[in-house]
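# Chain and residue survey
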Amino acid sequence: MITLYTFGPAFGLPDPSPFVMKAEVLLKMAGLVYHADTKGLRRAPKGKLPYIEDDGERIADSTFIRWHIEKKYGIDFDRGLSREQRATAWAFEKLAEDHLYWAIVEARWSDDANFAKGPQIFFRRIPSPLRPVVIAMIRRRVRNALRAHGIGRHSQAEIGALAASSIDAFAEFLGAKPFFFGREPTGIDATAFAFIAAALCPIFTAATRTAAERHDNLRAYVGRMTARYYPERSEIAGCIAVA
Ligand SMILES: N[C@@H](CCC(=O)N[C@@H](CS)C(=O)NCC(=O)O)C(=O)O
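The structure displayed is predicted, hence computed values, not measured ones.

## Quick word on the overall build of the chain
From N to C terminus, the chain includes 9 helices and 6 strands. Taking the principal axes of the C-alpha coordinates as reference, the chain spans close to 55 × 45 × 35 Å. Here the chain, with 243 residues, has 36% of them falling under the buried criterion. Sequence separation of at least 24 residues holds for 63% of the intrachain contacts in the chain that already meet a minimum separation of 6.

Structure representation (C-alpha cells):
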C-alpha cells in the first residue's frame, strides 16, 4: 500500500498544496491504491510535501513521485503523445510549478487578509502565546523565499501581470479541448488541474484568481477534472463537477 503524505483538505481544495494535489491525481490516474497521511511533514525527506512511501521506499517531490510510479508500475502518463507534445507538457508543467506557484504563494502569504483567511490555519495548534512569533518567523521565511526566487522583488501589479500571462497561456493551449492534449487526460492534466484550481480558490483575493476566472474553459476544465478524479465532491474551487 502506498502512503501519500499530505497537508489534508483546506481552503475548499483537496489539499492547500498544488504539488500534493498533482501527486494525488497521478495516483488516481494510475489506479493505484493509496492512503493519505497528514502527519508526515516533520519527517519529510526534503522538508516538503508531497512524498510517498511505497514498500519501505520514500520518494519526495511530485515529479520524482511521477517517475517512480511510471517506472515501478509500468505506466506512461503521456502515452500516445508525440515527442513535441511531451516537450510542451514539460514546459507547461514547469511554468506552473516554478512560476505560477510563486504568484499563488505570494498572494496567500503576503497579503494580510488572504493570510488570515488561509495559511493562518496551519498555526492553529501552536500555543497562543507563541503563535504570533512563529507566524512572523515563518512569514518572513516565505518572504525571503519569494525574494530569492525573484518574484518577491516585483510590485503587486507586476506579479499580477506575469501570473495572468501564465494563466492565459494555459487557457489558450487548452482551448476547446476537454483535456490538455485532447479527449483523454495525460500527465500534464494532473499538474494543470492542481495549479488552476489553486489559482481559482474563491477564498483568496488575488490576481491569479481574477486572471483564471476570466477563462470559462479553465473553470469548465477544473469541473471536468473534479468529476473524474474527485467524484465525491460536487465542486472544487467553485467549479461545478460535470463529466
Ligand atoms: N518541488 C516540490 C515542491 C513541493 C513544495 O513546495 N511543497 C510545499 C507546499 S506547496 C511544502 O511542503 N512546504 C512546506 C515547507 O516549506 O515547510 C514538488 O514538486 O513536490
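## Brief notes about the site of the ligand
Near the ligand the following residues occur: Ser-17, Phe-19, Gly-47, Lys-48, Leu-49, Pro-50, Asp-61, Ser-62 and Thr-63. Partitioned by chemical class, the residues of the shell around the ligand number 3 nonpolar, 4 polar and 2 charged.

## Topic: helix α3 (residues 83-110)
Under the 1.5 Å per step criterion, the end-to-end length of α3 is 39 Å for 28 residues, consistent within 8% with the ideal 40 Å. At Leu-100, α3 is deflected by roughly 40°, the largest bend along its length. Regarding α3, the residues found buried are Ala-89, Phe-92, Glu-93, Ala-96, Leu-100, Tyr-101, Ala-103, Ile-104, Glu-106, Ala-107, Arg-108 and Trp-109. Those residues of α3 that are buried lie in contact with α1 (18-30), α4 (112-117), α5 (131-149), α6 (156-174), α7 (187-200) and α8 (207-213).

## Describing the domain arrangement of the chain
One frequent convention defines the size of an interface as the accessible area lost when the parts assemble. Domain boundaries assigned for the chain yield domain 1 (1-75) and domain 2 (83-243). The C-alpha centroid of domain 2 is placed 18 Å from the C-alpha centroid of domain 1. Every contact between the two is made by 13 residues of domain 1 and, on the other side, 19 residues of domain 2. The element best represented in the side of domain 1 that touches domain 2 is α1, accounting for 7 residues.

## A short note on the packing of α3 against α6
For the pair α3 and α6, the least separation of the axes is 10 Å and the interaxial angle reads 140°. Taken together, the axis directions place α3 and α6 in an arrangement best described as oblique. Considering how the two elements wind past one another, α3 and α6 form a crossing that is left-handed. Residue-level contacts link Phe-92, Leu-95, His-99, Leu-100, Ala-103 and Glu-106 of α3 to Ile-159, Leu-162, Ala-163, Ser-166, Ala-169, Phe-170 and Phe-173 of α6.

## A closer look at the pairing of strand β3 (residues 51-54)
Relative to β3, strand β1 (residues 2-5) runs antiparallel, the two sharing 4 bridges. In the strand pairing of β3, Leu-4 is matched with Ile-52. Sheet topology places β3 next to strand β4 (residues 57-60); 4 bridges connect them, and they run antiparallel. Paired with Glu-53 across the strands is Arg-58, a residue of β4. Linking two consecutive strands that pair antiparallel, namely β3 and β4, is a turn of 2 residues; a positive phi of about 50° is found at Asp-55 within it.

## Some words on the environment of Met-225
Relative to the assigned elements, Met-225 resides in helix α9 (residues 216-229). As a C-alpha pair, Met-225 and Gly-12 span 213 residues in sequence and 15 Å in three-dimensional space. Aside from chain neighbours lying at most four places away, what touches Met-225 is Asp-189 and Phe-193.

## Considering the packing of α1 against α7
Any two packed helices are characterised by the angle at which their axes cross and by the distance between the axes. Interhelical geometry of α1 versus α7 gives an angle of 140° and a closest axis separation of 8 Å. When the interaxial angle is binned, α1 and α7 end up oblique. For the crossing formed where α1 meets α7, the hand is right-handed. Each of Pro-18, Met-21, Lys-22, Val-25, Leu-26 and Met-29 in α1 lies in contact with α7, whose residues at this interface are Ala-190, Thr-191, Phe-193, Ala-194, Phe-195, Ala-197 and Ala-198. For the contact of α1 with α7, a count of residues per class yields 11 nonpolar, 1 polar and 1 charged.

## Here's the deal with the sheet that holds β4
Pairing in this open sheet of 4 strands is mixed, and the strands run β2-β1-β3-β4 from one edge to the other. Two strands bound the open sheet, and with one partner strand each, they are β2 (34-37) and β4. Sheet twist, expressed as the mean angle between neighbouring strand axes with direction ignored, is 20°. Bridging between β1 and β2 involves 4 bridges; their strand directions are parallel. Across the sheet, residue Leu-4 finds its bridge partner in β2, namely Ala-36. Packing of helix α2 (residues 62-73) onto the sheet brings it into contact with β3 and β4, and relative to β4 it is tilted by some 135°.

Criteria and cut-off values
Residues numbered from 1 in each chain as written. Predicted model: local features only at pLDDT ≥ 70, side-chain atom pairs only at ≥ 80, totals over all residues. Helix = DSSP H or I, 4+ residues; strand = E, 2+ residues; numbered from the N terminus. Buried ≥ 20, exposed ≤ 12 C-beta atoms within 10 Å, placed from the backbone. Contact = placed C-beta atoms within 7 Å. Near = placed C-beta within 6 Å. Nonpolar A, V, L, I, M, F, W, Y, C, P; charged D, E, K, R; others polar. Expected span 1.5 Å × (residues − 1). Bend = angle between axes of the 7 residues up to and from the residue. Domains from an automatic or database assignment. Axes fitted to C-alpha atoms, helices over the stretch in contact; angles between N-to-C directions. Parallel < 35°, antiparallel > 145°, perpendicular 65-115°, else oblique. Left-handed = near helix turned anticlockwise from the far one by under 90°. Pairing = 2+ DSSP bridges.

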